[in-house]
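A look at the structure
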Amino acid sequence: MKTLVIYTHPNHQSLSYAFLQKVLQGGSENPNITEIKVLDLYEEKFDPILVFNENKRRRDMHSNPQLEKYREQITWADKIVFVYPIWWGRPPAMLMGYIDQMFASDFAYKDKGGVLPEGLLKGKSAVCISTMKGPTFYPLFWLNNAHKVLMKKALLQYVGIKRVKFFEFGNMESPKGRHGEKLNKVYRYFNIVPD
């Protein structure tokens, strides 16, 4: 299983970075994971800004040569892992800009004229590992589960990725946030995950 980890946090001293390290540690010890690649969007200086004009049309985004290496990474991967904080109830703008450009029509999905498109990324799986300051139940009860609806239904299932696992960790700025326990939970998952 080939795994692409998309890491989105500007600080390598962050808890998000610690979760990234646990993904890599667990994955490197798992015989089912043959290769892991990391795309650090901030370190990469990925440009999240969409530009459409007479020279750059939205319908051509799937063939933008500047994004070819990122399309190759997604095509290569069997599993896509997103590691990011939740800010204002959603992933960072950097990650949303990546999603806007990479999960484009005729690459990630194909319009068929019906209600839903054909997902072109079928057969892949995804894991979302997110941290937030507020309590874990905050997105569910206060925001109607908006984060999971966005990532699972509006994005991943739309492009054909049906198997989606969430690690949504709250109270992460609290000294009582049980950081070690949560980090080990991610490590154990990637250490034994069979698919």
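Heads up: the structure comes first, above all this text.
This text gives an overview of the structure that appears in the document. (Residues numbered from 1 in each chain as written. Predicted model: local features only at pLDDT ≥ 70, side-chain atom pairs only at ≥ 80, totals over all residues. Heavy atoms only, no water.)

**Points about the environment of valine 127**
With respect to the element layout, valine 127 can be found in strand E6 (residues 125-131). Note: C-alpha distance between valine 127 and valine 81 (46 residues apart in sequence) is 4.7 Å. Among residues more than four places away in sequence, those in contact with valine 127 are Lys79, Ile80, Val81, Phe82, Lys165, Phe167, Tyr189 and Phe190. (Helix = DSSP H or I, 4+ residues; strand = E, 2+ residues; numbered from the N terminus. Contact = heavy atoms within 4.5 Å.)

**Concerning the packing of helix H1 (residues 15-28) against helix H7 (residues 179-192)**
Between two packed helices, the angle of one axis relative to the other and the distance separating the axes together describe the packing. Contact geometry for H1 and H7: axes closest at 7 Å, N-to-C directions at 35°. Seen from above, H1 lies across H7 with right-handed handedness. Counted together, Leu15, Ala18, Phe19, Lys22, Val23, Gln25, Gly26 and Gly27 of H1 and His179, Lys182, Leu183, Asn184, Val186, Tyr187, Phe190 and Asn191 of H7 form the full contact between these two elements. When its residues are assigned to classes, the contact of H1 with H7 shows 8 nonpolar, 6 polar and 2 charged. (Axes fitted to C-alpha atoms, helices over the stretch in contact; angles between N-to-C directions. Left-handed = near helix turned anticlockwise from the far one by under 90°. Nonpolar A, V, L, I, M, F, W, Y, C, P; charged D, E, K, R; others polar.)

**Details of the packing of aromatic side chains**
For the structure shown, the criterion picks out 8 aromatic pairs. With a centroid separation of 5.4 Å and an interplanar angle of 65°, the aromatic rings of phenylalanine 46 and tyrosine 98 are classed as edge-to-face. Here the residue phenylalanine 46 occupies a position in the loop between helix H2 (41-44) and helix H3 (68-76), and tyrosine 98 occupies one in helix H4 (residues 93-102), the gap between them amounting to 52 residues. Taking relative accessible area as the criterion, tyrosine 98 reaches 0% and is therefore assigned buried. Here the aromatic rings of phenylalanine 167 and tyrosine 189 are separated by 5.2 Å at their centres, their planes lie at 70°, and the arrangement is edge-to-face. Placement of phenylalanine 167 in strand E7 (residues 163-169) and of tyrosine 189 in helix H7 is noted, with a sequence separation of 22 residues between them. Pairwise contacts between aromatic rings join Phe19, Phe167, Phe169, Tyr189 and Phe190 into one cluster. Across from the ring centre of tyrosine 187, 5.8 Å away, lies the NZ or CZ of lysine 22, which sits over that ring. Directly above the ring of phenylalanine 167 sits lysine 165, whose terminal nitrogen or CZ lies 5.0 Å from the centroid. (Phe/Tyr/Trp six-rings, centres within 6.5 Å; stacked < 30°, edge-to-face > 60°. Buried < 20%, exposed > 50% of the residue type's maximum accessible area, 1.4 Å probe, protein only. Lys NZ or Arg CZ within 6 Å of the ring centre and 35° of its normal.)

**Quick notes on the pattern of salt bridges**
Summed over the entire model, instances satisfying the criterion amount to 6 salt bridges. Arginine 71 is paired through a salt bridge with glutamate 68; the nearest N and O atoms lie 2.7 Å apart. In this pair, arginine 71 and glutamate 68 both sit in helix H3, 3 residues apart, roughly one turn of the helix. For arginine 71, a relative accessible area of 6% gives the class buried. Here glutamate 181 ties to arginine 178 by a salt bridge, and the two come within 3.1 Å at their closest N and O atoms. Each of Lys112, Glu118 and Lys122 takes part in a single network of salt bridges with overlapping partners. (Salt bridge = Lys/Arg side-chain N within 4 Å of Asp/Glu carboxyl O.)

**Description of a nonpolar patch on the surface**
Judged by side-chain polarity, Val115, Leu116 and Tyr158 come together as a nonpolar surface patch covering roughly 340 Å² of accessible area. Classification of valine 115 as exposed rests on a relative accessible area of 82%. (Patch = residues over 30% accessible without salt bridge, like charges linked within 9 Å, V, L, I, M, F, W, Y side chains within 5 Å. Areas by Shrake-Rupley, 256 points an atom, 1.4 Å probe, with all protein chains shown as cover.)

**Comments concerning H1**
Between the first and last C-alpha of H1 there are 20 Å, a value that for 14 residues agrees with the 20 Å anticipated at 1.5 Å per step. Three or more residues of H1 are buried, namely Ser16, Phe19, Leu20, Val23, Gly26 and Gly27. Buried residues of H1 fall within an arc of 135° about the axis and therefore sit on the same side. (Expected span 1.5 Å × (residues − 1). Arc of directions from axis to C-beta.)

**Focus: the sheet that holds strand E1 (residues 2-7)**
The strand order E2-E1-E3-E6-E7 describes an open sheet built from 5 strands, whose pairing is parallel. Across the chains shown, the open sheet's two edge strands, defined by having one partner strand only, are strand E2 (35-40) and E7. Strand-to-strand twist across the sheet, computed as the mean angle between neighbouring axes with direction ignored, equals 15°. Sheet analysis places E1 next to strand E3 (residues 79-85), joined by 5 bridges and oriented parallel. By the bridge assignment, leucine 4 is partnered in E3 with isoleucine 80. Running over the sheet, H3 touches E1, E2 and E3 and is turned about 130° from E1. (Pairing = 2+ DSSP bridges.)

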